[in-house]
Structure formats: structure tokens, C-alpha cells
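The chain contents come next:
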Amino acid sequence: MSQLGRRTNDWGNHSSVREIADLVYERHMEPEDTLEIAAILESMGWTDDRVEKQFGFIDVFQLSSAIWQQRKHIHMSANEYKQPTRIFVRVRQDLLHFLQGTIFALPMAVSIAAMLFLHVSLWSYQYFTVKIATSIAIGTILSFVSVGGFMQGIARQAYYYMLQGYFSMARRITFRFILAGILLSILISIALLLIDQLFPILPMPMIVIAIEYYLSLNAIWLAVTSMYVLRKETIFVLLLSGGIAVVFIGNKFFHINMILLQIFAMLLIFLAGIGLVYHFFRKAEQQKEKGIRVRLPRASILVHTTLPYFLYGALYFILLFADRTIAWSTHTTFSQYLILFRGDYEVGLDFALLSLIIPTGVAEVIVHRLMLDASNSQKQYLSKQTSQMCQYFVSQYKKSILIILGASIISATLDDMLVMWLFGRSGILLHQSVEWTGTTNYVFIIGLIAYGLLAIGLLNSVVMFSLSRPDFVLSPLLFAIIIDLVTGFLLSRWIGYSNAVIGLLVGVLLFTFMTTRNVLHVLRSLDYHLYLLS
Amino acid sequence: MYSSFSNQLYHLFHYTLAFAILFLWLPKYLFIAVDGDHRDQLIANMMRMVFFSMITTYLLLVIHLYEVMSFLGVIILWNYLRNFRLSKDVVRTPGVFIALLYDLIDSPQILTNYLSELRPTIHHLRMKKTPPSWLQNFQLYSVWLTFIIVIYIHFYAAVTVAAPPLSDSYVDLAWIQYINQRFLFHDGIYPQGFYIFMDLLFKFSFINTLYIVKYTGGLDAILLMYGLYFIITSWTHRRLGALIAVIIYGILGHALLLDDYVRLAASESQEFGVVFVLPSIYFLHRYISRKQDVDLWTAFAGMCITGLVNPVSYLFEAVGCIAVAFAFIILDYRATKKELFKTLFAGVASIVVTLAPLGTGLLLGHPINQASTTFIDTGVHHITFPQLSIWDAVTLCSLVILLFTLISTRRNERSTPILSVALLGIFIFLIYYFGASVSKSEVIAVRAIDLWAYTEALVIGMTIQTIFSLLGEQSKLNIRIETGIMFLLIIVISIVHPIRPILPYRMQWNQSVEEYLSINQHYKYVGYMIVSEDYQDYDLVVGDGYFMPMKQFLHMYNPTAPTLTQYGSTRVDRNISPHIFLFYPTNIFRVNRNNAIYALLKGTYTQETNQRNQLKRWLALYRSTHKVTVYFRGSHLTIYELQETPPKKKHN
């Protein structure tokens, strides 16, 4: 998620006009005049106020004139950028990016491991009744959908300021998003309670449990994102593990109610997480803060600039969970509930989701390289060579898709082997209530294909966001959700609930196809998009 | 308790909310607004929404996709397509909304400013509206009072008596559940419109079907009265005639309907269909005179609803539309030729829509509902003409007055409404008086009185208002006299004719129904089964729990073996619900001997007595080896609760 916010602004920690000039000419080798330089400076976040405070110039235009004066000297040095990178440095960088891409799955892996070996996790328990499992599932899905946008918002905005060296602003913006996220969660909870009073879709105790988990999960997702922004993923994993330990010990040795324990543990993690986030920000402010204390942008501007990321966050999770909701709401003669958790479906998809870890890591590496190349290409190619440049990136992109596909296949195979081992030879799940039924297997196989394809869609999304074309991601995502819902609904009602997963597959297929087409379209006019970016 | 205030408040609230959202609020966003005041809008919207719901549900049922999500999906799609088609302005709305949102984010005080600006505007608008005179207020109070009395008469049984009214209610209960479970024509082909309407209310109100059936009966009656009030006030712009019509049908209805009067407090598809007859006649008349297509669409919706609900109500609708068409042919053919042809086309289209479910049912391989076939096939052997009452005489005189008024006065905007009502009165009277003898149909013989009674109220109300209009349109004295009559009428009626609520006959003890509701409330989500000899219990339980006839239970389960072990088996039957309730009637319910239905049920009562004795013996044996839990003990009924023998725990 943080990839989206990371790439567009790699400038910060600059102390002299020369450094600023370097950055400007790095973005545009041959600006037309001082006005274009002023535009670039403003796009980098320089304001009259800041320019005056840092360099003593009257406004941005005066700074741009100063930079214009240095153009010959800078021009020379800007062309000297091309330093061949050593192979081991490159491998090290790639490995780091791969780990960054996969680390998001670490909490999920810990959670699954805890479920397998301790039969309990932070928001799941093997012996919960179907009713409680339904409530928790509703709370979980709702939390992802409603907080997904805030997670993207934090990732985007906090990174933006941190990379410029404005840790104070990053802290303020992070906490502003957290506060907004919590407020919205509370509002949604109240709305849910009211709606259930007017339309008693589920019995009140079930709604109350769903809301308890919804609020607690929202709190920890917001803390996770902040930790992720600060590159403190390991600390979060430790917190999560601690929380699981609290739940396990409390239940095993003190026989405390599982729901109470889990809620308590999640709130504990949230409080500790928020405290630590604050501490890390403060520490960074003391050590690294280079900027000056600038006011945060107007709320409406903040909302406007973050809106595409916000929508992406919410829509992405809707796409991920739409099929489950459809499957669980399939009517059976024996059920009096409008929606009822179906474990066999859930287990299949959960295990299939693991296959997304490796391709996401690979995608991180690919996107990093691609964007670095794109940035450098402005200096490598002359204006008459733009078609060659575009062609180069199109072919690079096509290769990337093949790599991702390969990674997806390898990941799916490993995932399948893991499942076979867990449910077969290892004997770990032999006497447990988790069963690998025909439905689970069917959902798992289709899920593997769908998530494999989704990896390409996610790669496309990151590329599009990096090139400031969120519209090329959001509309495919919306269409994908619609087709997912319609296909899943029809097939689940006509054939059986397990076929809702076909909806996921069709939705993801459409999403991947549309975004691939859009990426190719953008890459064929990359010069224009790079110009817009600069 | 069923009749407790809190219980009724809860269920009435949910029922009203579902009705208001589905049939009054949602249609605002789905259909083009008709011209006219808020009453016209409300009624047109409701008619179109009911028709839309019926067609949508039929289609979804045929393709096995009927449920809340798919229904809402169709509504969203319809709304989207409508907006897409309407204009580009609608498409720009999100942009405007987002801009407003941004302004609000930056300066939240915009909202408070807006509200403070809005307050004086509302106040100003209120001031601008001419305040009603005391006479108008007085008339309105009289109308309100009349409707309160009507609601009391027709709703009383619905909120105080737990047992469903008449035998038809049990069919309603079961058919709503069949539709809810996507079984179309479960008991054979029969128009399902009424059950679709109730099932939608059931789906969106989340209350027990029993309440839906009971409230819908009362609602139908009120809407029938409102239909009379609406058409007369819309056509005459005065209230006296409308109020008299409502009093005649709603308060003095027994004199017109005789034994069928109880139908007005029960939920009957025919009465529900008739609800839409007068409004669609009104919109059809409005279309032919004003030539706006939206009115024809509304009238067409009404025609189709009656056809999709009940054949008798469709007959009434057809006669009404023919009466309106004839009125225009006689009085204004040249100017309305085109509209009359369009009306004819709409009428033919409504026949197609009405017959579509029949065709679909036959294609799906369903037979026609047997009870309906028997009813339709029953011929009248002894042709007797109905004996005319004083009310019939008054109505016939009214018809003469209406026709005389029409001939003696110059043609004006009221001419076609007056002729339409007169023709409707004549046609329905002919059906009532000669219909059975000409057609030899039991349906006409039995049901024509219902149509005639409703028409009588309309004709008398319209005639009285026409007479008063002749005395002077806007004369203050005339209005004062009308207001005085309205007030006096209510007082006199209240004194002379005691206001008594309708209490339709029932088929079982209230206790039995109340206990079913209690069991359902507590065990619905864990599963339960009711064992009873009373087959009415099946209709109550279907869709929520399970039902087993007592006879089957006694023959199946061994009382001396572990609970719920079948004869000849050593294992406990795990394929049934874990909570079993045996209904033991200490006093078997019997309908009144004078009731026509008694003869049909006589045999069942004997059978129930035998079953009760067998159950007594079974329980005696069961008690010797088990502990029996009494779930409920009342004056007419004892309910025993059996719990499945739990499986032995496995020790590893």
C-alpha cells in the first residue's frame, strides 16, 4: 500500500540553492524559462513562505531566477548522472525491495501460524460458533473496506512529507488521518446500530459483536499503517504476537471469555502502537527534521489530493471481499440469517491469499526498477527519440508481466504444496475442526488463479499511481467490482455458493485486463506523462 | 403478549417503515413525477411502484433470483438507466456534490449558516401560504375524525386478536413464505401479485408474516376508503360527498356488504385489487382530458395490478375503464379520439400482462390452483335475483339524479366524471343483478355484491356532492351548510349506529398463535419443530420452523425409547430439529355452527379429538421413562417440550 506514496518525490534534506537546482535540473534538463523552474519548484512543495524562511528570497520566482543563472553549470553535472551500478549493490537493492513488498504479509503469516498451532488468533478462534464467526467476519470485512482508504491516505501523505524531511508534518497528518478514521468508524458503528434497529437484519447480539470487532480491528489497522510508514513492521509483528500471547494465556490458563480477551488484546495493541508511532515520529523530528514548521494544507485540498488513494483503498478491499459476502448470503432452507459465515469457503480463500505474497514482493522490485528507469530516461533520450523510449518501456513492461506471471505460478505451487502438507502428511490438522472439503479445494484453486492475476493488476495499479493516473485504476476497479458482484451472485444462486469465487476470478480478470490496456496506453505516450510528472 | 402496546408499536413501526420506504419514498427516484398536488404524486407513485415490484418479483422468481439483494439491484439499475436517459444535468450532480463537500470540509459553519438561512425561508413560505379558514379546518377535522373511526373499525382485530382472520389468511401466510423461498405457483397457478406485495413488506420489515397478513388487511380497508375520498374530492374539489361515501362504506358497510363485511378486516386479494380501481379510473380520466402520457402509464399500472392480483378486481377495473372511455365517447369523442385509442391499446396490453403469469406457469409445468378451478367451475343451479335493499334503491335513485343532472346542465369539466360514475354504477348494477343468472357463475353470484357495495358508496357520495354543487360552486352559505352536515353526520352516525370494530371469525385459539409467536421468537435461529393436529399451525410455522402432523409423530416415535427414537430403530433421529413442541389441545377450537365453513371442518374436529386421545396415551408412556417439560399450560392448550437426547461424548 505504501508503494503508491513513495515514488513520486525523492527530494528532501536539501540545504543550499545548488542542491535545489540539482533537483530541478534532474527533473527537467532544459527548462524553457524561469517560469517553468518556478512551476517545478512549486510542484516540489516550495512556497513563498518556505523560500523566504530557508533562503531569504522574496518568493519562488526569485529562487527560480537564481536557479536559472546556474543552468550551464548544472546542465553539465546533470548529464554526468549515469553511474553504472555494481551488480551486488543492485541485487541488494532488489532484495530489500522484495522484502519490503512481502513484509505486509508478515502479520497475516503470524496470524495463520497462531491459528494452526494455538487454534487462536487476534480476531479468530477455532471453536467460535458460526454465529460469532459471522459477526466477526462482518466486522472484519467492514473494517477493511472502511479503513482501507485511510490506510492509503496515511501511506501517501505521510510518506510525501517524510521524504521531504518534514517529520512533524508527517506526524500531524498521520494522526489527523487516524483521528478521522476513528471518527468515521464510530459514525459507521452508530449507523449500523440504528439500521439494525430499523431493519433487524441480524439479532442485536450479533451486530454488537460485529461492531466490537469492527472498531478494534480498525484501530489496529490504523496503527499498522503508521508503523509501516515508519518502516517499523517488525515492531508491529511483535505487538501482534504479544497480543496473541495475551489471548492464548488468558483463555488457556484463566478461562476468560474469548471475545473479551480478543477485544482487550486488540485495544492494547492499538494503544501501544499509537504510543510507539508517536514516539518514533518525535524521535525522527529531533534527529532528522530539516524542514521548517509549515502549516498543513487546507482540509479540502488534502481530501482532494488523497481522494483517489482513498477510493482505491476502499474499492480494492471491496473487490477482495465481495465474493465472500455473496457466498455467505446465499440462501439455504435451514438458515434464518441473511448472511452466515461459511468456513469451507473462507479457509480456501485464506490459503489462496498466501500465494499473493511472492508476486507482490516481485512487483515491488519491478516497479522500483521501472520508475527509476523512467526517471533516468529523461536524460538518456533526446526529444526525437521519444518513440524509442516508449517502445523500450513497453517491452520492459511486457517482460515484467511475464516475470510476475512466473512468480505467481511458483507461488501458487508452493502454496498448494503447503496446503497439501498441512492437511495431509504433516498431521498438524488431523484432529482439528478445520476441514479441507471439496468446496474448500474448489475455492482454493480458483482463488489461486484469481490472486495470481491480481498480482498483475496490482503491479499495474502501482505503475499508474506512480505516473499520476489514478483514473486508469479506479474505473477498472469499479467495473471489476460490478462484474464480480453480478457474476458471483448469479452463479452462487443458480449453481451453489462456492461459485461466488468465479465472480472474484472474472472481476480480477477484467481488472487486470483493463489496467494492462491502460498501462500500455500510458507507456506508449510515456514522454507526455513524464512531462506532466515533472 | 400479542396485543400489548409495546409489541404492537414495534411491529406497526416496522410495517409502516417498510411500506413507506418501498411504496412511497423509493418511487420518487424511479419514476417521472405526475402533475398535481402531493396526493396525486403519492398515489401515482404508489401505483407505479406496486406494479414495478410485482413485475420485477415475478421475473426474479422465474429465474430463481428473488431476494432482497437482487430486488435492490434491479432498483439501482433502473434508477441508473433512468438518470442516464434523462439529462446530462443529472450526471453533473456528483461534481456539484463534491464541490459542496469540499466547502463544508473547509468551513463547517457553512452548514449552520445554511440552516439559519433556511429557517426564515421556511417561515416565509409558511406565511405566504393562505391559512385555511375555520370552515376548512372544521371540514378537515371531520375528515380526520371519520378516518380515525374507520381505522378503529378495521384495524382493531389486527392489533388485538392474535389468530389470523378467516380461512384465507392461512393461505396468505403459506403463500408469502413460498414466494419468499422462491417457489412460484407452489399450490398451482393463481395470481401472485397480492402475495408478492406482502412478501416485499415481509422482506423489508423483518417481522413475522402473521403481522404482515393482519396489518395488510386493515391497510387494504383504509386504502379502499381513501380511494373513495380521493376520487370524489379530486373530481368535485369538495369534501362532503367524499366523506359520505367513506361513512357509507367504512362505517355503515355491513348494510351493504352483509356477511362479506368481515372481509374488510381480513387480508383478501380481491379487496387489495379493488384498492387500485378508483385511482386508475381517476388517472385514466385525467389522461384522456389532459393528454399527458404519464397519466396513462399510471392508469396502466393500476390496470395491471388488479389483473396480477385478482380476477374479480380486474373485472371491476375493466368495467371502470370502459365506463370512463364511454363517457368520453359520448361527450367528447372528436377531441379525445387519439387518447381513446391509446387507452384501448393500454387495456389490451394489461390483458397480456394479466395473462403472462398464467402462460409462464403453464410453461413451467404448473397446474392451475385447484381451489380456484373448483370455485370458477361451480355453477349456480337456482337462479335467484338479489333482493334489493333500501341502499340499492337509494343508489339507483342517485344514478337517475346523476344522469338527470348531466342532461339538464351545460357540459363542463364535471360532465365526464359524472357520466363515468353513472355508467360505472349502471354496469356494476347489471353485473350484480343479472350477472349470476346470465353467466351462471358462482364467482359472480358470490362476489358481485362486494363490487356493487363499493360502487354504491361512490355513486351516492358523488350524487350528493353534485347536488350541492348545483346549489352554488363557491357560495359561502353552501360551504357552511356542507360543513355543518359533515359535522352533524358524524355525531348522528356515532349515536344511531354504534361504532363497533369488525371481528372476523377465526380458526384457532389466540393462545395457540401467541405461543407459536413465543416459540418462534426464542427458537427461530436454533431451529424448532411444532407437532400439532391443527393444520393451521403448518401455515404459521412454514418458513420459520418445521411442522409435523400429530398423527405422523405418534406413529413414528417410540415413547419408551430415548427421546426421538423411531419405532424399529435403536438410534435417536438426528435429522429433525432439536427442539420439539407438542401442542396438546385441552379444549379443541371449533368455529361457530352457523358459519358456512363449519360443515367443512366438522370431520376435522372429530379427527382432532381422536388424535388428542392418542397423544394422551403416548404422553403417559413417555412420562413413565422420561421427564416431561411443560412449555406452556393455558385454558385451551398445553405445550410439551421434548428435547432430543444429546449424543454421548466421545472420550479420546
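Residues numbered from 1 in each chain as written. Chains lettered and ligands numbered in written order. Predicted model: local features only at pLDDT ≥ 70, side-chain atom pairs only at ≥ 80, totals over all residues. Heavy atoms only, no water.

**Q** Help me out: how do you make sense of the overall build of chain B in this one?
**A** Per the secondary structure count, chain B includes 24 helices and five strands. Against the compact-globule benchmark of 26 Å for 652 residues, chain B has a radius of gyration of 28 Å, which places it among compact chains. In terms of principal-axis extent, the alpha carbons of chain B reach across some 90 × 80 × 55 Å. Relative to its 652 residues, chain B shows a buried fraction of 54%. Per element, the accessible surface of chain B, about 31100 Å² overall, is 65% carbon and sulfur. Taken as two groups, the 49 positive and 41 negative side-chain charges of chain B have centres that lie 3 Å from each other. (Helix = DSSP H or I, 4+ residues; strand = E, 2+ residues; numbered from the N terminus. Rg over C-alpha atoms; globule rule 2.2 N^0.38 Å. Buried < 20%, exposed > 50% of the residue type's maximum accessible area, 1.4 Å probe, protein only. Areas by Shrake-Rupley, 256 points an atom, 1.4 Å probe, with all protein chains shown as cover. Lys, Arg positive; Asp, Glu negative; His and termini not counted. Charge placed at Lys NZ, Arg CZ, Asp CG, Glu CD.)

**Q** How do you make sense of the interface of chain A and chain B when you look at a structure like this?
**A** Quite often, the size of an interface is put as the accessible area lost when its parts meet. Counting residues at the interface gives 24 residues for chain A, matched by 23 residues for chain B. Buried area between chain A and chain B, both sides added, is near 2100 Å², and the carbon and sulfur share of it is 67%. If you look at where chain A meets chain B, you find one salt bridge. A salt bridge links Arg 493 of chain A to Glu 67 of chain B; the nearest nitrogen and oxygen atoms lie 2.7 Å apart. Top element by residues in the side of chain A that touches chain B is helix 14 (residues 299-328) of chain A. It accounts for six residues. In the side of chain A that touches chain B, the residues fall into 15 nonpolar, seven polar and two charged. (Contact = heavy atoms within 4.5 Å. Buried area = accessible area lost by both parts, 1.4 Å probe. Salt bridge = Lys/Arg side-chain N within 4 Å of Asp/Glu carboxyl O. Nonpolar A, V, L, I, M, F, W, Y, C, P; charged D, E, K, R; others polar.)

**Q** How do you make sense of the sheet that holds strand 3 (residues 579-585) of chain B when you look at a structure like this?
**A** Strand pairs in the sheet, formed through backbone hydrogen bonds, run parallel or antiparallel to each other. Residues and elements named next belong to chain B. In space, the five strands of this open sheet follow the order 2-1-3-5-4, with mixed pairing throughout. Whereas interior strands pair on both sides, the edge strands pair on one side only; in this sheet they are strand 2 (546-549) and strand 4 (629-633). Mean inter-strand twist for the sheet, computed between neighbouring axes without regard to direction, equals 25 degrees. As defined by bridge partners, strand 4 adjoins strand 5 (residues 637-643) across four bridges and the pair is classed as antiparallel. Paired with Arg 633 across the strands is Thr 638, a residue of strand 5. Where helix 24 (residues 598-625) meets the sheet, it contacts strand 3 and strand 5, and its direction lies at approximately 130 degrees from that of strand 3. (Pairing = 2+ DSSP bridges. Axes fitted to C-alpha atoms, helices over the stretch in contact; angles between N-to-C directions.)

**Q** Teacher, can you tell me more about the packing of aromatic side chains here?
**A** Where two aromatic rings form a pair, the distance of their centres and the angle of their planes describe that pair. Under the counting rule described, the total for this entry stands at 71 aromatic pairs over all chains. Between Tyr 392 of chain A and Phe 393 of chain A the ring centres are 5.2 Å apart and the planes differ by 80 degrees, which places this aromatic pair in the edge-to-face class. Under the relative-accessibility criterion, Tyr 392 of chain A is labelled partly exposed at 31%. With relative accessibility at 1%, the residue Phe 393 of chain A sits in the buried group. A centroid spacing of 6.4 Å and a plane angle of 25 degrees characterise the contact between Tyr 226 of chain B and Phe 230 of chain B, whose relative ring orientation is stacked. You can see Tyr 226 of chain B and its partner Phe 230 of chain B sitting in helix 9 (residues 209-236), four residues apart, about one turn around the helix. Each residue in the set Trp 123, Phe 144, Trp 221, Tyr 309, Tyr 312, Tyr 316, Phe 317, Phe 321 and Phe 465 of chain A is aromatic and connected to the rest through ring pairs, giving one cluster. Its guanidinium or amino end placed over the ring of Phe 280 of chain A, Lys 232 of chain A lies 4.6 Å from that ring's centre, counting from NZ or CZ. (Phe/Tyr/Trp six-rings, centres within 6.5 Å; stacked < 30°, edge-to-face > 60°. Lys NZ or Arg CZ within 6 Å of the ring centre and 35° of its normal.)

**Q** Help me understand the nonpolar core, please; the structure alone is not making it clear to me.
**A** The nonpolar side chains of a soluble globular protein tend to be buried with one another. By size, the foremost hydrophobic cluster in this structure holds 320 residues, and its most contacted members are Leu 122, Trp 123, Tyr 213 and Leu 454 of chain A together with Tyr 249 of chain B. With 17 residues, helix 9 of chain B is the single largest residue contributor to this core. Aside from chain neighbours lying at most four places away, what touches Leu 122 of chain A is Tyr 213, Ile 220, Leu 240, Gly 243, Ile 244, Val 247, Gln 262, Ala 265, Met 266 and Ile 269 of chain A. One finds Met 550, Ile 576, Leu 619 and Tyr 640 of chain B within the second-largest nonpolar core, a separate group that totals 20 residues. (Core = buried A, V, L, I, M, F, W, Y, C linked by side-chain atoms within 4.5 Å.)

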